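Spelled out from the first residue to the last, the chains are:
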Amino acid sequence: MLTAKNRNPDVDTFLDGRAHPEREMIDLLRDMVLGISDEITEQIKWNGPSFCIDGDDRLTMRLAPKGDIQMIFHCGAKGAADKVVDFKDTTGRMTWPAPNRGVLTLGSRDDIHAEAGTLTDLFSRWIYAAR
């Protein structure tokens with residue numbers, strides 16, 4: 001597996017301490033998001049990897065203890081409640097608890113590998129649309 005050069009070692013350390021059963025899937029998703037652009041950075045937010053552009057969080061992984069993983073699409077903390085994002089979910093799999101906050105529940109590693117292009121496109125479009 002290729003490892004994104006802009007991975008944050010603090011996130012690796014955090015994940016090493018969690019011993020999540022889907023660590024391989026978590027790292028695959030990290031590399032997918034970080035591989036979009038070198039200007040994307042990562043940190044820990046809400047007890048999971050979070051991906052930022054221009055210092056603002058845009059995507060955060062929700063890591064359930066039993067192994068489920070969700071990607072939370074959001075606008076960060078600064079004025080997030082008022083932000084309007086022009087975005088279309090091309091997968092039809094996202095739920096929208098708020099107009100500028102989407103949730104994508106991910107399947108197995110095989111599903112993620114099979115949908116890699118679609119997922120990368122979804123992540124990229126959100127990061128730049130929410131910018």
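As a reminder, the structure under discussion sits directly above these lines.
Quick summary incoming for the structure in this document. Since this is a predicted model, take the numbers as computed values, not measurements.

About the thresholds
Residues numbered from 1 in each chain as written. Predicted model: local features only at pLDDT ≥ 70, side-chain atom pairs only at ≥ 80, totals over all residues. Heavy atoms only, no water. Buried < 20%, exposed > 50% of the residue type's maximum accessible area, 1.4 Å probe, protein only. Helix = DSSP H or I, 4+ residues; strand = E, 2+ residues; numbered from the N terminus. Arc of directions from axis to C-beta. Contact = heavy atoms within 4.5 Å. Core = buried A, V, L, I, M, F, W, Y, C linked by side-chain atoms within 4.5 Å. Salt bridge = Lys/Arg side-chain N within 4 Å of Asp/Glu carboxyl O. Pairing = 2+ DSSP bridges.

## Description of helix 1 (residues 9-18)
Next, step 1: Every buried residue belonging to helix 1 is among Val11, Asp12 and Leu15, and all of these are buried. For helix 1, the arc enclosing every buried residue in end-on projection is 100 degrees, short of the 170-degree limit, so these residues lie on one face. Exposed and facing more than 90 degrees away from the buried side of helix 1 are Pro9, Asp10, Thr13, Asp16 and Gly17.
Next, step 2: In this fold, the buried residues of helix 1 make contact with helix 2 (23-34), strand 1 (40-45), strand 2 (48-53) and strand 3 (56-63).

## As for the nonpolar core
Next, step 1: Core analysis: the biggest nonpolar cluster contains 32 residues, and Leu29, Leu59, Met71, Phe73, Leu104 and Phe123 have the highest contact counts within it.
Next, step 2: Among the secondary structure elements, those contributing two or more residues to this core are helix 1, helix 2, strand 2, strand 3, strand 4 (69-73) and helix 4 (116-129).
Next, step 3: Among the elements that line this core, the one with the most residues is helix 2, at 7 residues.
Next, step 4: When residues no more than four places from it in sequence are discounted, the contact partners of Leu104 are Ile69, Gln70, Met71, Phe73, Thr91, Arg93, Met94, Leu119, Leu122 and Phe123.

## Re the pattern of salt bridges
Between side chains of opposite charge, pairing is possible as soon as their charged atoms come close.
Next, step 1: All told, the structure shown has 16 salt bridges when counted by the stated rule.
Next, step 2: Among the salt bridges present, the one from Arg109 reaches Glu24, with a minimum N-O distance of 3.8 Å. Taken together, the residues span a long stretch of sequence, with Arg109 in helix 3 (residues 109-114) and Glu24 in helix 2 at a distance of 85 residues.
Next, step 3: Connected through shared salt-bridge partners, Arg7, Asp12, Asp16, Arg23, Asp27, Arg30, Asp31 and Glu42 make up one network.

## Here we look at the pairing of strand 6 (residues 101-105)
Next, step 1: The sheet contact formed by strand 4 and strand 6 spans 4 bridges and is antiparallel. What sits directly across from Met71, in strand 6, is Leu104.
Next, step 2: In terms of strand pairing, strand 5 (residues 95-98) meets strand 6 through 2 bridges, oriented antiparallel. Paired with Ala98 across the bridge in strand 6 is Arg101.
Next, step 3: Here strand 5 hands over to strand 6 after 2 residues, the two strands then running antiparallel side by side.

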